[in-house]
Amino acid sequence: MCGIAGFYGPVHDRDADAALVGTMLDAIAHRGPDGRGVAMRTQAALGHVRLSIVDLAGGAQPFADETGDVAITFNGEIFNHVELRAELEARGVRFRTRSDTEVLLRLWIERGEACLEALNGDFAFAIHDRRRNLLFAARDRVGVRPLFWAERGERVYFGSEVKALLAAPEIEARPDPLGLADITTLWFPLPPRTAFAGVNELPPGHLLIARAGRVETRAWWRPDYPDLAEDAADR
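In what follows, the accompanying structure is described. (Residues numbered from 1 in each chain as written. Predicted model: local features only at pLDDT ≥ 70, side-chain atom pairs only at ≥ 80, totals over all residues. Heavy atoms only, no water.)

Looking now at the overall build of the protein. The helix and strand tally for the protein stands at six helices and 12 strands. For the protein, the C-alpha radius of gyration of 18 Å lies close to 18 Å, the compact-globule estimate for 235 residues. With the C-alpha coordinates of the protein rotated into their principal frame, the extents come out at 55 × 45 × 35 Å. Sorting the 235 residues of the protein into buried and exposed places 51% on the buried side. Nonlocal contacts in the protein, meaning residues at least 24 apart in sequence, comprise 56% of its contacts between residues at least 6 apart. (Helix = DSSP H or I, 4+ residues; strand = E, 2+ residues; numbered from the N terminus. Rg over C-alpha atoms; globule rule 2.2 N^0.38 Å. Buried < 20%, exposed > 50% of the residue type's maximum accessible area, 1.4 Å probe, protein only. Contact = heavy atoms within 4.5 Å.)

Tallied over the entire structure, the rule returns 18 salt bridges. Across the pair Arg131 and Asp129 runs a salt bridge, and its minimum N-O distance is 3.4 Å. If you follow the salt bridges from partner to partner, you end up with Glu66, Arg96, Glu102 and Arg106 in one network. (Salt bridge = Lys/Arg side-chain N within 4 Å of Asp/Glu carboxyl O.)

Geometry of a packed helix pair, given as the angle between the helix axes and the separation of the axes. Where helix α2 (residues 81-90) contacts helix α3 (residues 100-111), the axes come no closer than 10 Å and their chain directions differ by 45°. By the angle between their directions, the pair α2 and α3 is classed as oblique. By crossing handedness, the relation of α2 to α3 is classed as left-handed. Residue-level inspection shows His81, Leu84, Arg85, Glu87 and Leu88 of α2 in contact with α3, the latter providing Asp100, Val103, Arg106, Leu107, Glu110 and Arg111. (Axes fitted to C-alpha atoms, helices over the stretch in contact; angles between N-to-C directions. Parallel < 35°, antiparallel > 145°, perpendicular 65-115°, else oblique. Left-handed = near helix turned anticlockwise from the far one by under 90°.)

Residues Ile72, Leu116, Leu119, Phe123, Phe125 and Phe136 are the most contacted members of the largest nonpolar core, which totals 26 residues. Listing elements by their share of this core, those giving two or more residues are β5 (70-78), α2, α3, β6 (121-129), β7 (134-139) and β11 (206-211). If you tally residues by element for this core, the top one is α3, at five residues. Contacts of Phe123, omitting those with residues within four sequence positions, involve Phe74, Asn75, Gly76, Ile78, Leu116, Ala138, Arg139, Asp140, Arg145 and Trp220. In this structure, Phe7, Leu20, Met40 and Ala168 belong to the second largest nonpolar core, which totals 19 residues. (Core = buried A, V, L, I, M, F, W, Y, C linked by side-chain atoms within 4.5 Å.)

Its side-chain oxygen placed 2.9 Å from the backbone nitrogen of Leu178, Asp176 serves as the N-cap of helix α5 (residues 177-186). Among the residues trailing α5, Trp187 stands out with phi positive, at a value near 80°. (Polar contact = N/O pair within 3.5 Å; in protein donor to acceptor, adjacent residues only side chain to side chain.)

With antiparallel pairing, six strands are arranged side by side in an open sheet as β2-β3-β1-β9-β8-β10. Sheet topology places β2 (35-40) and β10 (200-201) at the edges, where each strand pairs with a single neighbour. Where strand β8 (residues 148-152) meets β10, two bridges bridge the pair, whose relative direction is antiparallel. Note that in β10 the partner of Trp149 across the bridge is Asn200. Against the sheet, helix α1 (residues 14-27) engages β1 (3-8), β2, β3 (44-50) and β9 (155-159), with an angle of about 145° to β2. (Pairing = 2+ DSSP bridges.)

And the structure:
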């Protein structure tokens, strides 16, 4: 288990904003006892607390490509990263580490959002891509790894737990009555709603794209039930 946190939007004061992301990481420090990092960028700040599993020496995050144009903070594990690495290496892609994090980043550079279709694993991640001028975030098919986000002013905040977002001064812990109603009837809020007003859960199998003051979320995967159609046709 690792944790991610940060924001996409204007960086007003690098030191103060780095401290802010550090505070967000403090709120989820229990998710990653083996290391932490903050990457300040021109239009984003990425943070990570790490539980070391794959490439203990070389898998520190946030992780950027050699140009510095693309950086990722990633929670999860890509089970088929060895096979994906081999495919990318066959096309001339060179790697600096043995981590599945770098495989995911290189796959994004090669394929864009279509990279999600190739992933076998559980994951929640955020990528800041200066070339495309956007933040791209996604969650695995069935939502094993959590991801929450909130838009405030010119910034989009994200984190592995709501408490990371609430560490940002712009985000108040105001209850959402409908979210609380979900909890009392269903035991949990139905995504994208949470128990807090203006704080959203990215649903399982969904992606988020933030750029130029606009946020888009949509499903990149949906369950398929072919037997249901056949059963309905037989009735």
